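Chain residues, written in single-letter form:
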Amino acid sequence: MKIVLRLAPAFLRRFDEYLRVKYPWFWVTRFHGTLYMGLIIIPIIVLIACIVPLNHGSDFGVFENTSFINLLFFLVIGWIIFLFRQLSLYNLDKSHGKQGVYNEFLILLTYFVTFLLPISLPAIATTIIESRLGSSLMMGGLSWKVAIIMSFYLAVIFNIFKQVNTKRFFLNFAVCGGLLFVLGNLSVIFASENVFIHGIMYIFLGVLIFVLTSYKSPRYNGILHQGVIFLNTLFPIVGIIILLYMFQVFGVLGESFGSIFKNSAPNAGVVDEFGGKSFLESIFNNIWSIVFWGGLLLHLFLWNTLFKKAYLRLWNLPRSK
């Protein structure tokens with residue numbers, strides 16, 4: 001980032017120094033430098049996407065139409081690796097730097113926008129190319145929905161990395177990967193997808209109960225710390241996990257959704273005066289999307305701050321000799 005700022009205008013370098021002195025909690029995110037990079041790179045990508053040759057003929061030209069987008073993913077990966085390195089250089093949390101209560105929300109939001117900048121490159125190119133073709137790409141490309149989800153989860157993952165040491169961070173993902181591998185194999189052995197979602201739900205509940213009952217422990221507990229990291233990883237999508245479990249156990253929100261809805265809501269099937277679906281039916285038909293996006297927003301505004309308090313407590317607990 002020093003190289004980027006060295007090539008930046010003088011006012012941006014002065015702004016960098018101002019943030020370092022006055023707002024170090026925001027300076028360490030280096031968002032101003034990342035935004036400056038985005039303001040240079042994004043217009044170039046837009047220009048290339050507008051002039052790159054396209055195949056308007058048969059569907060076999062799909063690979064030709066997406067070749068530029070596929071090349072962008074190399075740039076995205078390189079940019080994300082660069083951001084991870086830059087964001088890891090300074091950590092006020094582990095240095096017990098002073099922060100306001102609201103800062104944790106702003107930091108996660110900043111990380112989200114930071115990672116969205118590189119991931120938006122193939123999404124921007126996809127939008128422009130689809131607009132030039134007058135149709136959606138059959139294969140390849142990246143939608144804005146997927147770009148937003150990837151960026152948010154990258155922000156969550158990096159935020160976890162910021163709160164714990166490297167060994168515990170990678171141990172958590174090794175454990176998560178091992179659990180997914182075991183549950184996936186059990187689902188194949190028993191030829192039932194119920195095994196996978198039931199396993200995830202029961203493991204989540206078990207870890208949650210263990211963390212809640214052990215949280216007041218007077219001494220540091222490594223398993224408790226690992227449990228908090230595990231919950232932090234899953235909490236953004238806990239609503240979807242619960243919905244999947246309800247579908248598997250009770251059959252709600254699946255194929256039987258229509259009959260359940262009509263029987264439970266007296267005016268659910270009524271068409272409104274404009275000829276559309278009723279408000280309640282529209283909500284119920286989109287319940288999966290509402291729960292998913294609501295879970296991400298709830299994590300941003302609430303769970304992230306609560307997990308930060310849990311990490312602070314774990315840092316300050318006395319260690320066993």
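Position numbers for residues start from 1 in each chain and track the written sequence from start to end. Whole-chain, interface and lining totals are the exception, using all residues; otherwise, since this is a predicted model, local features are given only for residues with pLDDT of at least 70 and side-chain atom pairs are given and counted only at 80 or more. Calculated side-chain values reflect all of the structure's heavy atoms, with hydrogen atoms and water omitted.

## Details of the pattern of salt bridges
What counts here: Here, a salt bridge means any side-chain nitrogen of Lys or Arg that lies within 4 Å of a carboxyl oxygen of Asp or Glu. Helix numbers and strand numbers start at the N terminus; a helix is a DSSP run of H or I with at least 4 residues, a strand a run of E with at least 2. Only protein chains enter the accessibility calculation, which uses a 1.4 Å probe; a residue whose area is less than 20% of its type maximum is buried, one above 50% is exposed, and one in between is partly exposed.
Scanning all chains against the criterion turns up 4 salt bridges. Taking the shortest distance from any N to any O, the salt bridge between Glu 104 and Lys 162 comes out at 3.5 Å. Note that Glu 104 is positioned in helix α6 (residues 103–133) and Lys 162 in helix α7 (residues 144–163), a separation of 58 residues in sequence. Owing to a relative accessible area of 7%, Lys 162 belongs among the buried residues under this scheme. A salt bridge links Lys 308 to Glu 104; its shortest N-O distance comes to 3.0 Å. Here Lys 308, found in helix α14 (residues 287–316), pairs with Glu 104, found in helix α6; they are 204 residues apart in sequence, far enough to count as distant. With respect to class, Lys 308 is no different from Glu 104; both count as buried. A single salt-bridge network, built from bridges that share partners, covers Glu 104, Lys 162 and Lys 308.

## Focus on the packing of aromatic side chains
The line we're drawing: Any Phe, Tyr or Trp ring, taking Trp's six-membered ring, that has another such ring centre within 6.5 Å forms a pair; planes under 30 degrees apart are called stacked, those over 60 apart edge-to-face, and the others tilted. Lysine and arginine charges are scored as sitting over a ring when NZ or CZ, respectively, is within 6 Å of the ring centre and within 35 degrees of the ring normal.
As enumerated under the stated definition, the model contains 18 aromatic pairs in all. Note on Phe 84 and Phe 115: the rings are 5.4 Å apart at their centroids and 40° apart in plane angle, and the pair reads as tilted. Here Phe 115 lies in helix α6 and Phe 84 lies in helix α5 (residues 62–88), a separation of 31 residues in the sequence. Pairing Phe 169 with Phe 170 gives two aromatic rings, centres 5.2 Å apart and planes at 85°, and the pair type is edge-to-face. Every member of this aromatic cluster is reached through a ring pair, and the members are Phe 84, Tyr 111, Phe 115, Phe 158, Phe 161, Phe 169, Phe 170 and Phe 173. One cation-aromatic arrangement involves Arg 313 over Tyr 215; the distance from NZ or CZ to the ring centre is 5.1 Å.

## What to know about the nonpolar core
To be explicit about the condition: Here, nonpolar core means buried Ala, Val, Leu, Ile, Met, Phe, Trp, Tyr and Cys residues that are tied together by side-chain atoms lying within 4.5 Å of each other.
With 78 residues, the main nonpolar core has Phe 68, Phe 115, Leu 231 and Tyr 311 as its most contacted residues. Take this core: its biggest share by element is 15 residues, from α6.

## Quick word on the side chain of Asn 159
Stated formally: N or O atoms within 3.5 Å of each other form a polar contact, as long as, within protein, one can give a hydrogen and the other can take it, and as long as residues adjacent in sequence are counted only when both atoms are side-chain atoms. Contacts are residue-level and defined by heavy atoms, with any inter-residue pair within 4.5 Å sufficient.
Relative to the helices and strands, Asn 159 is located in helix α7. By relative accessible area, Asn 159 is classed as buried at 4%. Only 2.8 Å separates the side chain of Asn 159 from the side chain of Asn 304, close enough to count as a polar contact. Asn 159 has contacts with Glu 104, Ile 107, Leu 108, Tyr 111 and Asn 304, leaving out every residue within four places of it along the chain.

## A few points about unusual backbone geometry
Although it is not a glycine, Arg 30 adopts a positive phi angle of roughly 55°. On the secondary structure map, Arg 30 appears in the loop between α3 (24–27) and α4 (31–51). For Arg 30, a relative accessible area of 5% puts it in the buried group.

## What about the packing of helix α10 (residues 222–234) against α14?
Rule in force here: Every axis in this analysis is a line fitted to C-alpha atoms, fitted for helices over the stretch in contact. Angles between the N-to-C directions lie between 0 and 180 degrees. For classification purposes, an angle smaller than 35 degrees is called roughly parallel, one larger than 145 roughly antiparallel, one from 65 to 115 roughly perpendicular, and anything else oblique. In this classification, Asp, Glu, Lys and Arg are treated as charged, Ala, Val, Leu, Ile, Met, Phe, Trp, Tyr, Cys and Pro as nonpolar, and every other residue, Gly included, as polar.
As a packed pair, α10 and α14 sit with axes 11 Å apart at the nearest point and diverge in direction by 170°. Put simply, α10 runs roughly antiparallel to α14. Touching Leu 224, His 225, Val 228, Ile 229, Leu 231 and Asn 232 of α10 are His 299, Phe 307, Ala 310, Tyr 311 and Leu 314, all from α14. Each residue belonging to the contact of α10 with α14 can be placed in one class, and the counts come to 8 nonpolar, 3 polar and no charged.

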